[in-house]
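# Per-entry structural report
What follows is each chain in one-letter form.
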Amino acid sequence: MGIFNFILKILKGEGNLGVNPSYSFGTGRTSRGSSGNGYDRVMSMSGVVTGASEDDVRRGLEADNFTPSSIDRLTASSTFRKMMNW
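Just so we're clear, the structure is a prediction, and the values are computed from it rather than from any experiment.

Overall, the coordinates contain one aromatic pair when judged by the stated rule. Judged by centre distance (5.7 Å) and plane angle (80°), the ring pair of Phe-80 and Trp-86 falls under edge-to-face. A relative accessible area of 30% means that Trp-86 is categorised as partly exposed.

Listed below in structure tokens is the structure:
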């Protein structure tokens, strides 16, 4: 559970974590080194791609042992919702 909270902090931009985002909304994904992006890692864990339904994301993350409250916080994120085209 600790890693998910860390990812949420990265996604929310809380604190100085020294992370360079690798996702840009107008231009699609770009590569900025190997650090990647928290949202990309979460999408990879859920096994879905941009445009997948919220239910598909939930099922994928539940299968990866994410808690329902953590999934709720992620899917409520405006950045994640834009990224998923919801």
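Right, let's get into the confidence of the model for the protein chain. With 72% of its residues at a pLDDT of 70 or more, the protein chain shows a mean pLDDT of 75. No element of the protein chain has a lower mean pLDDT than strand β2 (residues 28–29), at 48, and none a higher one than helix α4 (residues 68–76), at 91.

This next bit is on unusual backbone geometry. The phi torsion of most residues other than glycine is negative, and most of the peptide bonds are trans. Notably, Asn-65 is not glycine yet its phi reads approximately 70°, a positive angle. On the accessibility criterion, Asn-65 (70% relative accessible area) is exposed. Phi angles above zero are rare outside glycine, and Asn-85 is one such case at about 60°. Relative to the helices and strands, Asn-85 is located in the segment after α5 (78–83).

Throughout the structure, instances matching the rule amount to four salt bridges. For Glu-54, the salt bridge identified is with Arg-58, shortest N-O distance 3.3 Å. Remark: Arg-58 and Glu-54 occur in helix α3 (residues 54–63); sequence separation between them is four residues, near one turn of the helix. What makes Glu-54 partly exposed here is its relative accessible area of 27%. The network of salt bridges with shared partners includes Glu-54, Arg-58, Asp-72 and Arg-81.

The rules behind these values
- Residues numbered from 1 in each chain as written.
- Predicted model: local features only at pLDDT ≥ 70, side-chain atom pairs only at ≥ 80, totals over all residues.
- Heavy atoms only, no water.
- Phe/Tyr/Trp six-rings, centres within 6.5 Å; stacked < 30°, edge-to-face > 60°.
- Buried < 20%, exposed > 50% of the residue type's maximum accessible area, 1.4 Å probe, protein only.
- pLDDT = per-residue confidence, 0-100.
- Helix = DSSP H or I, 4+ residues; strand = E, 2+ residues; numbered from the N terminus.
- Salt bridge = Lys/Arg side-chain N within 4 Å of Asp/Glu carboxyl O.

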